[in-house]
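As a plain string of letters, each chain reads:
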Amino acid sequence: MNHNELHQLLLSHFSEVEVAVGSQFIEMTVAPEGLHEVAKRLCEHHACRMDFLFCQSGVDVNGRLGVVYHVRSTTLKHACVLKCFAEQREGAVLDSVYDIWPAAYAFEREIYDLLGITFHHHPDLRRIFLEDDYRGFPLRKDFIDEINIIHN
Amino acid sequence: MAQTSDSHQVIIGEHEQYTINMGPQHPSTHGVLRFELSLEGETVVGVRSHCGYIHRGIEKMCEVSTYQQIIHLTDRMDYLSAHINNEAVSLCVEKALGIEVPERVKVIRTILSELTRVGSHLLWWSAFGMDMGALTTFFYGMRDREKILDIFEESCGGRLLQSFICPGGLMHDVHPNFVARIRELIPYLRKKLPEYDRLLTGNIILQERTRNIGVLSRQQAIAWGVTGPSGRGSAFSCDVRVHEPYSAYDRVKVNEVLYHQGDTFARYRVRLDEIHESLSILEQLIDQIPEGNDYAVKMKPIIKLPAGDYYQRVETARGELGVYMVSDGEKYPVRVKFRSPNFSNLFVIEQLAVGHKIADLVAISGSLDLVIPDIDR
(Lines give C-alpha, C1' and ligand atoms only; values in the text may rest on other atoms or scores of the structure.)
Protein backbone atom coordinates (compact mmCIF):
# COMPACT_ATOMS: atom_id res chain seq x y z
CA MET A 1 0.00 0.00 0.00
CA ASN A 2 1.43 3.35 -0.91
CA HIS A 3 1.54 6.55 1.07
CA ASN A 4 -1.66 8.06 -0.36
CA GLU A 5 -3.74 4.91 -0.03
CA LEU A 6 -2.71 4.53 3.58
CA HIS A 7 -3.52 8.18 4.19
CA GLN A 8 -7.01 7.73 2.75
CA LEU A 9 -7.54 4.53 4.70
CA LEU A 10 -6.54 6.11 7.99
CA LEU A 11 -8.65 9.20 7.26
CA SER A 12 -11.73 7.09 6.63
CA HIS A 13 -11.29 4.74 9.59
CA PHE A 14 -10.07 7.19 12.18
CA SER A 15 -12.34 10.15 11.64
CA GLU A 16 -11.91 11.39 15.23
CA VAL A 17 -8.10 11.48 14.95
CA GLU A 18 -5.98 14.19 13.39
CA VAL A 19 -4.21 12.58 10.40
CA ALA A 20 -1.40 14.48 8.68
CA VAL A 21 1.15 13.56 6.03
CA GLY A 22 4.64 13.89 7.42
CA SER A 23 7.89 13.86 5.45
CA GLN A 24 8.29 10.12 6.00
CA PHE A 25 5.24 8.66 7.69
CA ILE A 26 1.55 9.36 8.02
CA GLU A 27 1.30 11.01 11.42
CA MET A 28 -1.75 10.63 13.63
CA THR A 29 -2.23 12.71 16.74
CA VAL A 30 -4.64 11.39 19.29
CA ALA A 31 -5.94 12.73 22.61
CA PRO A 32 -4.96 10.70 25.71
CA GLU A 33 -8.48 9.38 26.29
CA GLY A 34 -8.67 7.89 22.79
CA LEU A 35 -5.14 6.47 22.72
CA HIS A 36 -5.78 2.90 23.75
CA GLU A 37 -8.80 2.46 21.55
CA VAL A 38 -7.08 3.90 18.47
CA ALA A 39 -3.97 1.79 19.09
CA LYS A 40 -6.10 -1.33 19.40
CA ARG A 41 -7.90 -0.59 16.16
CA LEU A 42 -4.61 0.12 14.37
CA CYS A 43 -3.35 -3.29 15.44
CA GLU A 44 -6.48 -5.30 14.81
CA HIS A 45 -8.25 -3.66 11.86
CA HIS A 46 -7.95 -5.98 8.86
CA ALA A 47 -6.75 -3.20 6.55
CA CYS A 48 -4.19 -1.76 9.01
CA ARG A 49 -2.77 -4.73 10.94
CA MET A 50 -0.02 -2.66 12.54
CA ASP A 51 1.26 -5.55 14.61
CA PHE A 52 4.84 -4.44 15.17
CA LEU A 53 5.64 -1.53 17.49
CA PHE A 54 9.19 -0.90 16.35
CA CYS A 55 9.89 2.27 18.26
CA GLN A 56 8.26 4.09 21.12
CA SER A 57 9.87 7.33 22.21
CA GLY A 58 9.06 9.77 24.96
CA VAL A 59 9.48 13.40 23.97
CA ASP A 60 9.42 16.76 25.72
CA VAL A 61 8.70 19.30 22.99
CA ASN A 62 7.09 22.74 23.18
CA GLY A 63 6.60 22.33 26.90
CA ARG A 64 4.51 19.18 26.52
CA LEU A 65 5.32 15.61 27.40
CA GLY A 66 4.28 13.03 24.89
CA VAL A 67 4.89 9.62 23.43
CA VAL A 68 5.57 8.82 19.78
CA TYR A 69 4.66 5.34 18.56
CA HIS A 70 6.23 4.04 15.34
CA VAL A 71 4.20 1.07 14.19
CA ARG A 72 4.47 -1.18 11.18
CA SER A 73 2.53 -4.01 9.64
CA THR A 74 4.62 -7.12 9.06
CA THR A 75 2.05 -8.51 6.64
CA LEU A 76 0.96 -5.42 4.70
CA LYS A 77 4.36 -3.68 4.86
CA HIS A 78 3.21 -0.21 5.74
CA ALA A 79 4.05 1.98 8.68
CA CYS A 80 2.67 5.00 10.46
CA VAL A 81 3.29 7.18 13.45
CA LEU A 82 0.95 7.75 16.35
CA LYS A 83 1.53 10.69 18.68
CA CYS A 84 -0.10 11.36 21.99
CA PHE A 85 0.60 14.21 24.37
CA ALA A 86 -0.22 14.13 28.06
CA GLU A 87 -2.52 16.84 29.36
CA GLN A 88 -0.26 18.10 32.11
CA ARG A 89 3.42 17.93 32.98
CA GLU A 90 3.16 17.04 36.63
CA GLY A 91 1.53 13.68 37.02
CA ALA A 92 1.46 13.02 33.28
CA VAL A 93 -0.54 9.86 32.65
CA LEU A 94 -1.21 7.84 29.49
CA ASP A 95 -2.70 4.43 28.90
CA SER A 96 -0.28 1.56 28.46
CA VAL A 97 -0.34 -0.27 25.14
CA TYR A 98 1.41 -3.32 26.62
CA ASP A 99 -1.67 -5.48 26.09
CA ILE A 100 -1.66 -4.60 22.37
CA TRP A 101 2.09 -4.62 21.71
CA PRO A 102 4.12 -6.42 24.43
CA ALA A 103 7.22 -4.63 23.10
CA ALA A 104 5.89 -1.60 24.98
CA TYR A 105 6.83 -3.30 28.25
CA ALA A 106 10.43 -2.10 28.07
CA PHE A 107 9.81 1.11 26.13
CA GLU A 108 7.26 2.34 28.65
CA ARG A 109 9.50 1.54 31.58
CA GLU A 110 12.23 3.57 29.91
CA ILE A 111 9.91 6.51 29.24
CA TYR A 112 8.68 6.39 32.82
CA ASP A 113 12.24 6.34 34.04
CA LEU A 114 13.60 9.21 31.97
CA LEU A 115 10.56 11.42 31.36
CA GLY A 116 8.24 10.58 34.22
CA ILE A 117 5.15 9.67 32.24
CA THR A 118 3.07 7.11 34.13
CA PHE A 119 1.37 4.37 32.12
CA HIS A 120 -1.95 3.05 33.34
CA HIS A 121 -2.27 -0.76 33.37
CA HIS A 122 1.42 -1.38 32.78
CA PRO A 123 2.23 -4.70 34.52
CA ASP A 124 5.48 -3.66 36.18
CA LEU A 125 6.19 0.06 35.97
CA ARG A 126 9.55 0.61 37.66
CA ARG A 127 12.63 2.58 36.82
CA ILE A 128 14.70 0.63 34.33
CA PHE A 129 18.10 2.36 34.15
CA LEU A 130 18.38 4.75 37.09
CA GLU A 131 18.38 3.82 40.77
CA ASP A 132 15.00 3.31 42.39
CA ASP A 133 15.55 6.29 44.70
CA TYR A 134 16.69 8.65 41.94
CA ARG A 135 14.87 11.97 42.05
CA GLY A 136 13.75 13.73 38.91
CA PHE A 137 13.43 12.75 35.26
CA PRO A 138 16.58 13.56 33.27
CA LEU A 139 15.17 13.86 29.77
CA ARG A 140 12.72 16.58 30.77
CA LYS A 141 13.80 19.98 29.55
CA ASP A 142 13.37 21.54 32.99
CA PHE A 143 15.55 18.94 34.69
CA ILE A 144 18.58 20.31 36.50
CA ASP A 145 21.15 17.87 37.79
CA GLU A 146 23.32 19.67 40.27
CA ILE A 147 25.94 16.95 40.39
CA ASN A 148 26.59 16.23 36.74
CA ILE A 149 25.95 19.48 34.97
CA ILE A 150 25.39 19.13 31.23
CA HIS A 151 24.18 22.20 29.43
CA ASN A 152 24.83 24.06 26.24
CA MET B 1 11.44 -23.49 53.82
CA ALA B 2 15.06 -24.47 53.87
CA GLN B 3 15.83 -26.83 56.70
CA THR B 4 19.08 -27.34 58.49
CA SER B 5 19.89 -30.97 59.06
CA ASP B 6 22.18 -32.39 61.72
CA SER B 7 25.23 -32.01 59.51
CA HIS B 8 24.42 -28.30 59.00
CA GLN B 9 23.75 -28.78 55.31
CA VAL B 10 20.93 -26.76 53.86
CA ILE B 11 18.38 -29.07 52.32
CA ILE B 12 15.95 -27.56 49.93
CA GLY B 13 12.69 -29.33 49.31
CA GLU B 14 11.61 -30.44 45.88
CA HIS B 15 9.09 -27.70 45.32
CA GLU B 16 10.78 -24.91 47.17
CA GLN B 17 11.69 -21.78 45.27
CA TYR B 18 14.66 -19.62 45.96
CA THR B 19 16.09 -16.53 44.34
CA ILE B 20 19.62 -16.04 43.12
CA ASN B 21 21.36 -13.23 41.29
CA MET B 22 23.25 -13.98 38.11
CA GLY B 23 25.40 -10.96 37.44
CA PRO B 24 26.11 -8.06 37.28
CA GLN B 25 29.59 -9.56 37.14
CA HIS B 26 29.11 -12.89 35.48
CA PRO B 27 31.12 -14.09 32.50
CA SER B 28 28.16 -15.39 30.54
CA THR B 29 26.09 -12.21 30.67
CA HIS B 30 28.85 -10.62 28.54
CA GLY B 31 28.70 -7.37 30.43
CA VAL B 32 27.06 -5.79 33.40
CA LEU B 33 23.59 -7.25 33.30
CA ARG B 34 21.84 -8.87 36.25
CA PHE B 35 19.32 -11.66 36.02
CA GLU B 36 17.27 -12.23 39.14
CA LEU B 37 16.48 -15.93 38.88
CA SER B 38 13.74 -17.76 40.72
CA LEU B 39 14.78 -21.37 40.87
CA GLU B 40 13.37 -24.71 41.84
CA GLY B 41 16.44 -26.82 42.26
CA GLU B 42 18.30 -26.05 39.07
CA THR B 43 15.21 -25.29 37.03
CA VAL B 44 14.42 -21.69 36.21
CA VAL B 45 10.86 -20.73 37.09
CA GLY B 46 11.25 -16.98 36.67
CA VAL B 47 13.71 -14.45 35.32
CA ARG B 48 13.72 -10.73 35.94
CA SER B 49 16.38 -8.75 34.15
CA HIS B 50 17.85 -5.64 35.72
CA CYS B 51 19.79 -3.27 33.56
CA GLY B 52 21.23 0.21 33.91
CA TYR B 53 24.65 -0.68 35.28
CA ILE B 54 26.32 0.97 32.29
CA HIS B 55 23.75 3.68 31.61
CA ARG B 56 25.65 6.73 30.42
CA GLY B 57 22.78 8.90 29.31
CA ILE B 58 23.79 8.98 25.66
CA GLU B 59 20.38 10.34 24.65
CA LYS B 60 20.77 13.19 27.14
CA MET B 61 24.28 13.92 25.94
CA CYS B 62 23.01 14.04 22.36
CA GLU B 63 20.79 16.97 23.31
CA VAL B 64 23.87 19.08 24.00
CA SER B 65 25.96 17.78 21.10
CA THR B 66 26.16 18.88 17.51
CA TYR B 67 25.30 16.33 14.85
CA GLN B 68 28.97 15.64 14.17
CA GLN B 69 29.60 15.00 17.85
CA ILE B 70 26.71 12.54 18.13
CA ILE B 71 28.60 10.18 15.80
CA HIS B 72 31.23 9.60 18.47
CA LEU B 73 28.63 8.73 21.08
CA THR B 74 26.91 6.15 18.88
CA ASP B 75 30.09 4.06 18.64
CA ARG B 76 29.79 3.39 22.32
CA MET B 77 26.32 1.85 22.17
CA ASP B 78 26.73 -1.39 20.28
CA TYR B 79 30.50 -1.29 20.10
CA LEU B 80 30.60 -4.37 17.86
CA SER B 81 28.53 -2.58 15.22
CA ALA B 82 30.26 0.80 15.48
CA HIS B 83 30.28 1.51 11.73
CA ILE B 84 26.61 0.68 11.39
CA ASN B 85 25.63 2.90 14.31
CA ASN B 86 27.58 5.78 12.75
CA GLU B 87 25.85 5.10 9.47
CA ALA B 88 22.40 5.24 11.08
CA VAL B 89 22.95 8.75 12.44
CA SER B 90 24.66 9.92 9.25
CA LEU B 91 21.81 8.66 7.09
CA CYS B 92 19.26 10.32 9.36
CA VAL B 93 21.04 13.69 9.15
CA GLU B 94 21.50 13.35 5.39
CA LYS B 95 17.84 12.46 4.96
CA ALA B 96 16.81 15.53 6.94
CA LEU B 97 19.05 17.81 4.90
CA GLY B 98 18.20 16.14 1.58
CA ILE B 99 21.85 15.40 0.85
CA GLU B 100 22.83 12.69 -1.60
CA VAL B 101 26.27 11.27 -0.85
CA PRO B 102 28.57 10.15 -3.72
CA GLU B 103 28.21 6.62 -5.08
CA ARG B 104 31.68 5.79 -3.89
CA VAL B 105 30.75 6.66 -0.31
CA LYS B 106 27.64 4.50 -0.47
CA VAL B 107 29.60 1.47 -1.64
CA ILE B 108 32.39 1.93 0.90
CA ARG B 109 29.85 2.39 3.71
CA THR B 110 28.12 -0.82 2.74
CA ILE B 111 31.41 -2.70 2.59
CA LEU B 112 32.36 -1.40 6.03
CA SER B 113 28.94 -2.38 7.40
CA GLU B 114 29.26 -5.91 6.09
CA LEU B 115 32.80 -6.26 7.43
CA THR B 116 31.46 -5.11 10.78
CA ARG B 117 28.73 -7.70 10.64
CA VAL B 118 31.18 -10.48 9.84
CA GLY B 119 33.46 -9.36 12.65
CA SER B 120 30.61 -9.16 15.09
CA HIS B 121 29.26 -12.59 14.20
CA LEU B 122 32.75 -14.07 14.48
CA LEU B 123 33.09 -12.65 17.98
CA TRP B 124 29.62 -13.94 18.83
CA TRP B 125 30.54 -17.40 17.61
CA SER B 126 33.71 -17.36 19.68
CA ALA B 127 31.92 -16.29 22.83
CA PHE B 128 28.99 -18.63 22.26
CA GLY B 129 31.35 -21.58 22.07
CA MET B 130 32.88 -20.45 25.35
CA ASP B 131 29.44 -20.21 26.93
CA MET B 132 28.88 -23.81 25.88
CA GLY B 133 32.21 -24.87 27.30
CA ALA B 134 34.14 -25.16 24.03
CA LEU B 135 37.20 -23.00 24.64
CA THR B 136 38.85 -23.57 21.27
CA THR B 137 36.23 -21.58 19.38
CA PHE B 138 37.46 -18.41 21.00
CA PHE B 139 40.89 -18.77 19.45
CA TYR B 140 39.49 -19.59 16.02
CA GLY B 141 37.05 -16.69 16.00
CA MET B 142 39.48 -14.14 17.39
CA ARG B 143 42.18 -15.18 14.92
CA ASP B 144 39.89 -14.48 11.97
CA ARG B 145 38.26 -11.36 13.41
CA GLU B 146 41.74 -9.91 13.83
CA LYS B 147 42.08 -9.70 10.04
CA ILE B 148 38.96 -7.55 9.86
CA LEU B 149 40.14 -5.31 12.68
CA ASP B 150 43.43 -4.86 10.83
CA ILE B 151 41.53 -3.58 7.78
CA PHE B 152 39.63 -1.15 10.01
CA GLU B 153 42.79 -0.02 11.73
CA GLU B 154 44.54 0.67 8.46
CA SER B 155 41.71 2.69 6.96
CA CYS B 156 39.91 4.22 9.93
CA GLY B 157 42.58 4.45 12.60
CA GLY B 158 40.49 2.69 15.21
CA ARG B 159 40.01 -1.01 15.69
CA LEU B 160 36.86 -1.07 17.78
CA LEU B 161 35.43 2.45 17.87
CA GLN B 162 36.11 3.96 14.49
CA SER B 163 33.79 7.00 14.21
CA PHE B 164 34.58 6.80 10.53
CA ILE B 165 31.23 7.30 8.84
CA CYS B 166 30.01 10.85 9.39
CA PRO B 167 27.25 13.09 8.01
CA GLY B 168 28.18 13.82 4.42
CA GLY B 169 30.35 10.80 3.81
CA LEU B 170 33.46 9.46 5.48
CA MET B 171 35.95 11.13 7.82
CA HIS B 172 38.72 10.61 5.27
CA ASP B 173 39.51 8.37 2.34
CA VAL B 174 40.19 4.67 2.82
CA HIS B 175 43.72 3.30 2.70
CA PRO B 176 45.09 2.30 -0.74
CA ASN B 177 45.36 -1.30 0.50
CA PHE B 178 41.66 -1.40 1.42
CA VAL B 179 40.42 -3.27 -1.65
CA ALA B 180 43.35 -5.67 -1.87
CA ARG B 181 43.02 -6.61 1.79
CA ILE B 182 39.33 -7.42 1.43
CA ARG B 183 40.02 -9.44 -1.72
CA GLU B 184 42.42 -11.52 0.37
CA LEU B 185 40.03 -11.77 3.29
CA ILE B 186 37.08 -13.24 1.41
CA PRO B 187 38.74 -16.48 0.20
CA TYR B 188 40.54 -16.78 3.53
CA LEU B 189 37.29 -16.74 5.49
CA ARG B 190 35.55 -18.98 2.97
CA LYS B 191 38.27 -21.54 3.60
CA LYS B 192 38.07 -21.18 7.38
CA LEU B 193 34.31 -21.23 7.86
CA PRO B 194 33.89 -24.99 7.18
CA GLU B 195 36.31 -25.49 10.08
CA TYR B 196 33.81 -23.75 12.31
CA ASP B 197 31.14 -26.21 11.31
CA ARG B 198 33.42 -29.16 11.84
CA LEU B 199 34.49 -27.86 15.22
CA LEU B 200 31.21 -26.75 16.75
CA THR B 201 28.08 -26.92 14.58
CA GLY B 202 28.23 -30.66 14.08
CA ASN B 203 29.20 -31.30 17.68
CA ILE B 204 26.64 -33.51 19.35
CA ILE B 205 27.03 -31.79 22.73
CA LEU B 206 26.28 -28.39 21.21
CA GLN B 207 23.29 -29.76 19.32
CA GLU B 208 21.85 -31.49 22.36
CA ARG B 209 22.25 -28.32 24.35
CA THR B 210 20.71 -25.97 21.81
CA ARG B 211 18.00 -27.86 19.93
CA ASN B 212 14.51 -27.17 21.31
CA ILE B 213 15.96 -24.89 23.95
CA GLY B 214 14.39 -21.45 24.32
CA VAL B 215 11.88 -21.69 21.49
CA LEU B 216 10.70 -18.26 20.36
CA SER B 217 7.62 -18.30 18.17
CA ARG B 218 7.20 -15.92 15.24
CA GLN B 219 4.24 -14.22 16.94
CA GLN B 220 6.27 -13.71 20.09
CA ALA B 221 9.15 -12.26 18.11
CA ILE B 222 6.89 -9.71 16.40
CA ALA B 223 4.96 -8.85 19.55
CA TRP B 224 8.10 -8.30 21.62
CA GLY B 225 9.97 -6.61 18.79
CA VAL B 226 12.76 -9.17 18.53
CA THR B 227 14.68 -8.33 15.35
CA GLY B 228 17.93 -9.27 13.72
CA PRO B 229 19.28 -12.83 13.62
CA SER B 230 17.32 -13.65 16.79
CA GLY B 231 14.06 -12.74 15.07
CA ARG B 232 15.04 -14.42 11.81
CA GLY B 233 15.70 -17.67 13.67
CA SER B 234 11.94 -17.59 14.30
CA ALA B 235 11.09 -16.92 10.64
CA PHE B 236 10.31 -13.26 11.30
CA SER B 237 11.38 -11.56 8.09
CA CYS B 238 12.81 -8.35 9.50
CA ASP B 239 15.99 -7.62 7.56
CA VAL B 240 16.09 -3.88 6.92
CA ARG B 241 18.64 -4.44 4.17
CA VAL B 242 15.97 -6.31 2.23
CA HIS B 243 12.81 -4.43 3.18
CA GLU B 244 14.08 -0.87 3.16
CA PRO B 245 17.46 -0.85 1.40
CA TYR B 246 19.79 2.00 2.30
CA SER B 247 23.28 2.94 1.05
CA ALA B 248 24.27 0.43 -1.64
CA TYR B 249 22.05 -2.48 -0.59
CA ASP B 250 19.67 -1.75 -3.45
CA ARG B 251 22.24 -2.86 -6.03
CA VAL B 252 23.32 -6.12 -4.42
CA LYS B 253 21.50 -9.38 -3.98
CA VAL B 254 20.83 -9.91 -0.28
CA ASN B 255 19.38 -13.28 0.65
CA GLU B 256 17.58 -13.06 3.93
CA VAL B 257 18.50 -16.03 6.12
CA LEU B 258 15.40 -17.45 7.76
CA TYR B 259 14.98 -20.48 9.99
CA HIS B 260 11.66 -21.72 11.27
CA GLN B 261 12.51 -23.65 14.43
CA GLY B 262 12.95 -20.58 16.63
CA ASP B 263 15.22 -22.41 19.05
CA THR B 264 18.74 -21.60 20.16
CA PHE B 265 20.22 -23.75 17.40
CA ALA B 266 18.21 -21.89 14.75
CA ARG B 267 19.59 -18.57 15.98
CA TYR B 268 23.05 -20.11 15.88
CA ARG B 269 22.56 -21.25 12.29
CA VAL B 270 21.23 -17.85 11.18
CA ARG B 271 24.37 -16.09 12.36
CA LEU B 272 26.77 -18.56 10.74
CA ASP B 273 24.81 -18.39 7.48
CA GLU B 274 24.84 -14.62 7.65
CA ILE B 275 28.64 -14.63 7.64
CA HIS B 276 28.50 -16.45 4.28
CA GLU B 277 25.85 -14.03 3.08
CA SER B 278 27.91 -11.01 4.09
CA LEU B 279 30.91 -12.42 2.28
CA SER B 280 28.86 -12.75 -0.87
CA ILE B 281 27.70 -9.13 -0.52
CA LEU B 282 31.33 -8.09 -0.12
CA GLU B 283 32.21 -10.06 -3.25
CA GLN B 284 29.51 -8.28 -5.20
CA LEU B 285 30.58 -4.84 -4.03
CA ILE B 286 34.34 -5.00 -3.93
CA ASP B 287 34.67 -4.54 -7.70
CA GLN B 288 32.03 -1.84 -7.80
CA ILE B 289 33.86 0.89 -5.88
CA PRO B 290 33.88 3.82 -8.32
CA GLU B 291 37.22 5.29 -9.28
CA GLY B 292 38.27 8.57 -7.76
CA ASN B 293 38.85 9.91 -4.33
CA ASP B 294 35.68 11.72 -3.35
CA TYR B 295 34.87 10.49 0.11
CA ALA B 296 32.48 13.19 1.31
CA VAL B 297 30.31 16.06 0.21
CA LYS B 298 31.11 19.47 1.59
CA MET B 299 29.11 20.08 4.72
CA LYS B 300 28.67 23.27 6.66
CA PRO B 301 30.79 23.34 9.80
CA ILE B 302 27.64 23.68 11.87
CA ILE B 303 24.80 21.49 10.71
CA LYS B 304 21.28 22.69 11.41
CA LEU B 305 18.45 20.33 10.53
CA PRO B 306 15.14 21.83 9.40
CA ALA B 307 12.53 21.70 12.16
CA GLY B 308 10.67 18.41 12.22
CA ASP B 309 11.20 14.81 13.16
CA TYR B 310 13.14 12.20 11.27
CA TYR B 311 13.45 8.45 11.55
CA GLN B 312 16.08 6.21 10.03
CA ARG B 313 16.53 2.51 10.55
CA VAL B 314 19.43 0.27 9.65
CA GLU B 315 20.31 -3.37 10.20
CA THR B 316 23.10 -3.83 12.72
CA ALA B 317 24.62 -7.18 13.50
CA ARG B 318 21.99 -7.61 16.23
CA GLY B 319 18.87 -6.27 14.62
CA GLU B 320 17.08 -3.13 13.75
CA LEU B 321 18.62 0.10 14.98
CA GLY B 322 16.31 3.09 14.70
CA VAL B 323 17.32 6.71 15.13
CA TYR B 324 14.51 9.12 15.91
CA MET B 325 15.53 12.78 15.83
CA VAL B 326 13.44 15.81 16.68
CA SER B 327 14.87 19.14 15.57
CA ASP B 328 13.73 22.71 16.09
CA GLY B 329 16.12 24.13 13.51
CA GLU B 330 18.97 24.81 15.91
CA LYS B 331 22.42 23.25 15.93
CA TYR B 332 21.53 20.85 18.74
CA PRO B 333 18.75 18.29 18.39
CA VAL B 334 15.77 18.61 20.72
CA ARG B 335 15.54 14.87 21.22
CA VAL B 336 17.42 11.87 19.91
CA LYS B 337 16.04 8.44 20.61
CA PHE B 338 17.90 5.27 19.72
CA ARG B 339 15.73 2.24 19.24
CA SER B 340 18.50 -0.18 20.00
CA PRO B 341 18.05 -3.81 18.97
CA ASN B 342 19.39 -5.36 22.16
CA PHE B 343 17.04 -3.38 24.37
CA SER B 344 14.06 -4.95 22.63
CA ASN B 345 15.65 -8.39 22.35
CA LEU B 346 16.50 -8.65 26.04
CA PHE B 347 13.12 -8.87 27.70
CA VAL B 348 11.94 -11.87 25.76
CA ILE B 349 14.40 -13.93 27.77
CA GLU B 350 12.01 -13.73 30.70
CA GLN B 351 9.74 -16.11 28.80
CA LEU B 352 12.29 -18.19 26.91
CA ALA B 353 14.22 -19.41 29.92
CA VAL B 354 11.30 -20.56 32.05
CA GLY B 355 11.30 -24.34 32.51
CA HIS B 356 14.92 -24.74 31.46
CA LYS B 357 18.05 -25.23 33.55
CA ILE B 358 20.46 -22.42 34.47
CA ALA B 359 22.98 -23.73 31.93
CA ASP B 360 20.30 -23.40 29.26
CA LEU B 361 19.70 -19.79 30.28
CA VAL B 362 23.36 -19.20 29.46
CA ALA B 363 22.82 -20.76 26.04
CA ILE B 364 19.69 -18.70 25.42
CA SER B 365 21.20 -15.39 26.46
CA GLY B 366 24.27 -16.25 24.40
CA SER B 367 22.14 -16.97 21.36
CA LEU B 368 20.38 -13.60 21.69
CA ASP B 369 23.84 -12.03 21.35
CA LEU B 370 23.33 -9.28 23.88
CA VAL B 371 25.66 -6.31 24.01
CA ILE B 372 24.92 -4.60 27.32
CA PRO B 373 26.04 -1.01 26.55
CA ASP B 374 23.51 -1.05 23.72
CA ILE B 375 20.73 -1.95 26.15
CA ASP B 376 21.63 0.72 28.67
CA ARG B 377 22.85 3.46 26.32
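These numbers come from a predicted model, not from an experiment. (Residues numbered from 1 in each chain as written. Chains lettered and ligands numbered in written order. Predicted model: local features only at pLDDT ≥ 70, side-chain atom pairs only at ≥ 80, totals over all residues. Heavy atoms only, no water.)

A word on the UniProt feature "domain: NADH-quinone oxidoreductase subunit D" (unreviewed entry) in chain B. Residue and element names in this part refer to chain B. The sites that UniProt annotates as "domain: NADH-quinone oxidoreductase subunit D" (unreviewed entry) are residues 131–294 and 302–377. Structurally, residues 131–294 comprises 56% helix and 2% strand, and the distance from its first C-alpha atom to its last is 44 Å. Across residues 302–377, helical content stands at 33% and strand content at 30%; the span's end C-alpha atoms are separated by 25 Å. (UniProt positions renumbered as here; feature names shortened; annotations may be inferred. Helix = DSSP H or I, 4+ residues; strand = E, 2+ residues; numbered from the N terminus.)

Right, let's talk about the nonpolar core for a bit. If you look at the biggest cluster of nonpolar residues, it comprises 90 residues, and the most contacted ones within it are L10, M28 and L42 of chain A. Residue contributions to this core peak at seven residues, all from helix α3 (residues 104–115) of chain A. Apart from the residues within four sequence positions on either side, M28 of chain A is in contact with L10, F14, V17, E18, V19, V38, L42, C80, V81, L82 and K83 of chain A. Counting 73 residues, the second-largest nonpolar core is a separate cluster that includes L122, Y246, A248 and V323 of chain B. (Core = buried A, V, L, I, M, F, W, Y, C linked by side-chain atoms within 4.5 Å. Buried < 20%, exposed > 50% of the residue type's maximum accessible area, 1.4 Å probe, protein only. Contact = heavy atoms within 4.5 Å.)

In this section: the packing of helix α2 (residues 67–74) of chain B against helix α3 (residues 82–97) of chain B. All names here are of chain B. Interaxial distance between α2 and α3 falls to 8 Å at its minimum, and their mutual angle equals 155 degrees. With respect to α3, the axis of α2 lies roughly antiparallel. As α2 runs across α3, the sense of the crossing is right-handed. Counted together, Y67, I70, I71 and T74 of α2 and N85, N86, V89, S90 and V93 of α3 form the full contact between these two elements. Looking at the contact of α2 with α3 residue by residue, the classes come out as five nonpolar, four polar and no charged. (Axes fitted to C-alpha atoms, helices over the stretch in contact; angles between N-to-C directions. Parallel < 35°, antiparallel > 145°, perpendicular 65-115°, else oblique. Left-handed = near helix turned anticlockwise from the far one by under 90°. Nonpolar A, V, L, I, M, F, W, Y, C, P; charged D, E, K, R; others polar.)

Residue and element names in this part refer to chain B. All told, the structure shown has four cavities of 30 Å³ or more when counted by the stated rule. Each pocket or cavity is described by its volume, and for the largest cavity that value is around 100 Å³. Around the largest cavity, the lining comprises 15 residues; the ones closest to its centre are L80, T116, R145, L149 and F152. Those elements that provide at least two residues to the lining of the largest cavity are α3, α4 (103–131) and α5 (136–156). Within the lining of the largest cavity, the residues separate by chemical class into eight nonpolar, five polar and two charged. Estimated volume of the second largest cavity: approximately 60 Å³. A total of three residues in the lining of the second largest cavity trace back to one element, the largest contributor, which is strand β10 (residues 308–316). A per-class count over the lining of the second largest cavity returns six nonpolar, two polar and three charged. (1 Å grid on protein atoms, 1.4 Å probe; cavity = no way out; pocket = protein on both sides within 12 Å on 5 of 7 lines; lining within 4 Å. Points joined across faces, edges and corners; volume = space filled by probe spheres on them.)

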